[in-house]
Amino acid sequence: MNKKTRTIAVLLLSAMATTACIPDSSSTASATMATPIASVSSSLEGPRDAKEVEAFADSVITDVMKKYNTVGTNFTVVADGKVLLSKGYGYADKEKKIPVDKDTVFQIGSVTKTFTALAAMQLVDKGKIDLRGDIQKYLGGVKIPNKTGKNLTMYDLLTYSTGFDSPDIASYYSPEYVNENFPIKDFVRSHMSAVVRPPGEIYTYDNFGFLLAGYAVENVSGMPYSKYMEKNIFKPLGMTSTNVRITPELLGRMSAHYGPKGEKIPMDGTIPTEKPEGGIVSTADDMAKYLLMHLNKGKYDGKEIVSQKSIEQMHTYQFFADKINEKMNGQHVILKGGNVTGHSSLIVILPEKNVALYMSNNDDNPYVSIDVYEAFMNHYYPRKTEVSKPTYSAISEQQAKAYVGLYKNTRMEALRTMVSYSNGKLVTETASGKHTLKMIHPLLFEDESGTKVTFKKNAAGHIAYMYSTGLPDLVAFSEKVNVDSPFSDVPANSKYKSYINNLKALKVMNGKSSHIFDPKGTMTQGEFSEVLLRAHGWHKQPYMIELNKKQMKAGLPNYQPNSPITRQMAAVMIQNLKQVEPRTKVKLSGTTDAWAVEAIKALISQGIMDPDTKVKSDGSVNFRSKELLIRQEASALLDQAFNYYTLPIGH
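Residues numbered from 1 in each chain as written. Predicted model: local features only at pLDDT ≥ 70, side-chain atom pairs only at ≥ 80, totals over all residues. Heavy atoms only, no water.

**Comments concerning the overall build of the protein**
Then comes step 1: When you go through the protein residue by residue, the secondary structure sums to 19 helices and 24 strands.
Then comes step 2: Per-residue burial for the protein yields a buried fraction of 59% across its 651 residues.
Then comes step 3: Here the protein displays about 25600 Å² of accessible surface, and carbon together with sulfur accounts for 50% of that area. (Helix = DSSP H or I, 4+ residues; strand = E, 2+ residues; numbered from the N terminus. Buried < 20%, exposed > 50% of the residue type's maximum accessible area, 1.4 Å probe, protein only. Areas by Shrake-Rupley, 256 points an atom, 1.4 Å probe, with all protein chains shown as cover.)

**Section: the environment of L426**
Then comes step 1: Among the secondary structure elements, L426 is positioned in strand β17 (residues 425-430).
Then comes step 2: For L426, a relative accessible area of 0% corresponds to the buried category.
Then comes step 3: Placed 30 residues apart in sequence, L426 and S396 show a C-alpha to C-alpha distance of 9.7 Å.
Then comes step 4: Leave out the neighbours within four places in its chain, and L426 touches I395, A400, Y403, V419, S420, Y421, H435, T436, L437, F445 and F455. (Contact = heavy atoms within 4.5 Å.)

**Brief notes about the packing of aromatic side chains**
The geometry of two aromatic rings is summed up by the distance between their centres and the angle between their planes.
Then comes step 1: Enumeration according to the criterion identifies 16 aromatic pairs in this entry.
Then comes step 2: Pairing F445 with F455 gives two aromatic rings, centres 5.4 Å apart and planes at 80°, and the pair type is edge-to-face. Of this pair, F445 sits in strand β19 (residues 444-446) while F455 sits in strand β20 (residues 452-457); the two residues are 10 residues apart in sequence, bridging distant segments of the chain. For the pair F445 and F455, a shared accessibility class is recorded, and that class is buried.
Then comes step 3: Taking 5.0 Å as the distance between ring centres and 45° as the angle between the ring planes, the aromatic pair formed by Y467 and F477 counts as tilted. In this pair, Y467 is assigned in strand β21 (residues 463-468) and F477 in the loop between β21 and β22 (478-481), connecting sequence segments 10 residues apart. There is no split in this pair, since Y467 and F477 are both buried.
Then comes step 4: In this structure, R132 is placed above the aromatic ring of Y155, and the distance from its NZ or CZ to the ring centre is 3.7 Å.
Then comes step 5: Stacked on the ring of F623, the Lys or Arg R567 has its end atom at 4.4 Å from the ring centre. (Phe/Tyr/Trp six-rings, centres within 6.5 Å; stacked < 30°, edge-to-face > 60°. Lys NZ or Arg CZ within 6 Å of the ring centre and 35° of its normal.)

**A closer look at the nonpolar core**
Then comes step 1: In this structure, F115, M154 and M229 are the most contacted members of the largest nonpolar core, which totals 79 residues.
Then comes step 2: Within the second largest apolar cluster, 48 residues are counted, among which are I500, A602, F623 and A636. (Core = buried A, V, L, I, M, F, W, Y, C linked by side-chain atoms within 4.5 Å.)

**Observations concerning the sheet that holds strand β14 (residues 355-361)**
Then comes step 1: Read across the sheet, 6 strands follow the order β3-β2-β1-β14-β13-β12 without closing on themselves; strand pairing throughout is antiparallel. Among the strands making up the open sheet, the edge pair consists of β3 (98-99) and β12 (334-340).
Then comes step 2: Bridge analysis of strand β13 (residues 343-350) against β14 gives 7 bridges, and the strand direction is antiparallel. When the bridges of β14 are listed, I347 appears paired with Y358.
Then comes step 3: Strand contacts of helix α3 (residues 50-68): β1 (72-79), β2 (82-93) and β14, with the helix running at about 30° to β2, the strand carrying the most contacts. (Pairing = 2+ DSSP bridges. Axes fitted to C-alpha atoms, helices over the stretch in contact; angles between N-to-C directions.)

**A look at the packing of helix α15 (residues 525-536) against helix α17 (residues 567-578)**
Then comes step 1: Put simply, α15 and α17 touch, their axes get as near as 11 Å, and they point 30° apart. One element, α15, and the other, α17, form an angle in the roughly parallel class. In this structure, α15 crosses over α17, and the sense of that crossing is right-handed. Judged by residue contacts, Q525, F528, S529, L532, L533 and H536 of α15 engage M569, A570, M573, I574 and L577 from α17.
Then comes step 2: For the contact of α15 with α17, a count of residues per class yields 8 nonpolar, 3 polar and no charged. (Parallel < 35°, antiparallel > 145°, perpendicular 65-115°, else oblique. Left-handed = near helix turned anticlockwise from the far one by under 90°. Nonpolar A, V, L, I, M, F, W, Y, C, P; charged D, E, K, R; others polar.)

**A few points about the sheet that holds strand β16 (residues 416-422)**
Then comes step 1: Spatially, the 8 strands close up into a barrel ordered β15-β16-β17-β18-β19-β20-β21-β22, and their pairing is antiparallel. Between one strand axis and the next, the sheet turns through 35° on average, direction left out of account.
Then comes step 2: Both β19 and β20 contribute to a ladder of 3 bridges, which runs antiparallel. Pairing of L444 across the sheet is with T454, part of β20.

**Some remarks on the environment of N219**
Then comes step 1: For N219, the location among the structural elements is in helix α7 (residues 207-221).
Then comes step 2: By relative accessible area, N219 is classed as partly exposed at 32%.
Then comes step 3: The contacts of N219, once residues within four sequence positions are left out, are Y138, L139 and G140.
Then comes step 4: In this structure the side chain of N219 is engaged in a polar contact, spanning 3.0 Å, whose partner is the backbone oxygen of Y215. (Polar contact = N/O pair within 3.5 Å; in protein donor to acceptor, adjacent residues only side chain to side chain.)

**Quick notes on the pairing of β2**
Then comes step 1: Examined bridge by bridge, β1 and β2 share 8 bridges and lie antiparallel to one another. Note on β2: the bridge partner recorded for G72 is G90.
Then comes step 2: The turn linking β1 back onto β2 is made up of 2 residues, and D80 within it adopts a positive phi angle of 50°.
Then comes step 3: Judged from the 2 bridges that link them, β2 and β3 form a sheet pairing that is antiparallel. Counterpart to D93 in the pairing with β3 is I98.
Then comes step 4: Connecting the antiparallel pair β2 and β3 is a turn made up of 4 residues, with K97 showing a positive phi of about 60°.

**What about the packing of helix α4 (residues 112-125) against helix α10 (residues 284-295)?**
Then comes step 1: Direction vectors running N to C along α4 and α10 enclose 45°, while the axes themselves pass 13 Å from each other. Taken together, α4 and α10 sit at an angle that is classed as oblique. The crossing of α4 and α10 is left-handed. Note on element contacts: α10 touches α4 through M287, Y290 and M293, opposite T114, F115 and L118.

**A few points about the confidence of the model for the protein**
Then comes step 1: Averaged over all residues, the pLDDT of the protein equals 87, while 88% of them reach at least 70.
Then comes step 2: Below a pLDDT of 50 lies the segment residues 644-651, which in the model reaches 38 contacts outside its immediate sequence neighbourhood of four places, other chains included. (pLDDT = per-residue confidence, 0-100.)

**Some points on the pattern of salt bridges**
Then comes step 1: Under the defined criterion, the tally for this structure stands at 26 salt bridges.
Then comes step 2: One salt bridge connects R197 with E479, and the closest N-O pair in it is separated by 3.5 Å. Of this pair, R197 sits in the loop between α6 (184-190) and α7 while E479 sits in strand β22, placing them 282 residues apart in sequence.
Then comes step 3: R197 sits in the buried class, given a relative accessible area of 6%.
Then comes step 4: Among the ionic pairs, K275 bridges to E277, the shortest N-O distance being 2.3 Å. Across this residue pair, the class does not change: K275 and E277 are buried.
Then comes step 5: Within this structure, R567, D610, R624, E627 and E633 form a network of salt bridges that share partners. (Salt bridge = Lys/Arg side-chain N within 4 Å of Asp/Glu carboxyl O.)

If you want it as C-alpha cells, here you go:
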C-alpha cells in the first residue's frame, strides 16, 4: 500500500460514512512492519492473547516511533468484550520526562465525527430526527442556500454527500482562541456554505457537514452539543476523561503537542469552541469503552446507547465509488482518523471479527497510526488468497469523448486532472505525471500501478465526475468542468490560451468581462493577491486565510495593494505559498533585486515560467524581473505553479 492510499485510509472512513478505500492486498508496509513476532505464527487469526498483543505492539510501535521521530503515543486493542491492551509509549512531555499512559489525554480530531454520527442516530432512534428528511427542520431557522431542487438531509451530512460549495469552512484555528468561547450557532449563521450539487450525488470529505449535524443535535435536543454528548454518550459509557471542551483537569493530563522535528508547539484553540467535526479529547481507557460499545452492537454494561439497527447502519458502507477496494486483506474494516495541530488519532473496527483498536500520537503525522494498522492487519489477518486480475477492454476514440476533459477536485478546486485519449486507453495527467487507464467496464478503470479510477454520471446521464483511490489527502470526487474559449481578445494561436482558459474554468482568474480577458493589461498587487489565493486553493478555508495572506507577503519590501505588481514581486508571492525546492542551478541575467533572486530561481528550476521567458544556451535566464506583470503572464505562472497533486493534510 503506498503513501497516497494510506492517507485516504486515515481520512476517508467515518461512522455512517463511505467506502473503505483500502486495497485488498497483503501489504506494503515497511520491512520492519511486515515481520511477524517470532513467537506467533503469521497465520494467527485475530488478537486473542493479551501478552502476545503487547509483544506485537512493543515491537511494532517502537520501530514506527523511531521511523517518524514520534515523541509519544498510546495504543488500545479490544476483542470479544475485553480490553487486551491499553498502553502508552514514549513521552507525553519529553522535556518534563512525563510518560504517556492509558490516562494521557489526546485531542482525537476528526474521530469526533463518529461520536457526532452516534448522537444523530440516537435522535433518529427516538424519532426526533428523520434521517432522510429535510435538515432545515432541525436548524432553528438557519437557512441553507440550495438551488439544486433536492433537499439536504441528515443522511447526506453523515455520508459526506452534501454538495456543499465549501466543505471545509468549519472553524478557525489559533492558540489565541484557547480561553475564549465561541458558540456553534454564531459560526453557522455567519459561515453558511451553499449547496451547489444535488445532495447524495457524490462524495466529498466534509467538515462543515458534520459541524451542521452537531448543530442539529443542539437544536433538536435543546441543549448545547457538549452537554448532549456528556449526558447521552460519555456518562453512559463511563468515559470520565472524555469531553468536547478541554477542562482544566483534562488539560493537566493532556499530552504536549509536537511538530515534525520533535519540537514542542502550542495547542490551538478554535472558533467555534465546540467542534462536532473534530473537537473531542479522550484517553486510551475511555476510547476502549467506546469501541466495546461498537462491537457489542450499541450496548455497554447492559445499557443501550444506540439501537442495534443504527449501529449496524453505521458499520455498513453507505456511499462509495463503484465498490472499489472496499476491504483490507479480505476483511470488512471501518476506520476513521483525525488530525489537529500536534495530535493525530485513528480508530479501527472489524465488526465481523469482534476486534477494534485505537491509537493516538502527539504529532500530526497520520502515517504513524497507519503503519501500525497495516502491521496489525498483516500480522493477525494476512491475506489468504491472491486478488484476481481484472480483464480489460479497449475504449474507442468516440467512446472516450464522454470522459475527456478537465476535472477539478470538489474539496480543493486547485487540484485538477486532465483526461485525454491515446491508443485505446484514457490518459490522466496531473502535476505528478501521466497515467494510462485500462477499462474494466465503462465506469471503472485501472492504471499501470493497479490504482482504480471510477467515473460517475450525473442525473442527465453524462460523465460528470471521477474518483481515484490513489489521490492523496483530499478524499473527494473530481468534477468535470467546461473549458471553452470565451475571450474574443485571446487569439486561437496564443501561447497563453490554455492557461487563460484553465484558470477561467477553475474560477481562479476571470476576464474583464464575459468576452474580454485583456491579456496584456497589468494587475495591481491586490488583484494578483486575490487570484493567487484562489489558485493556491485555500481561499475557502477560514483557518488558513489569514495565515496564507501573511505568508504570501513575506519578504516583500513594500506591498501596496493599489499599486501595479512587478514580475519579481509576483514570483516571490508565488514561492512564499508554493515553497518549491530548486531542482537545478539557475543563472539569472538582467536586473533582479536581492530579495527576489532565490524565489525566481526556485520557480524557474521547476519550469514555472511564462512562455516568453526562455533558458538560453549558456543556461542563463532573463526573467525581466522589474517589468510589470501582465495578465496573460500571471495566468501562465499561476496555472503551472498550482496545478498540483499533493496537498497538506487538513484539520
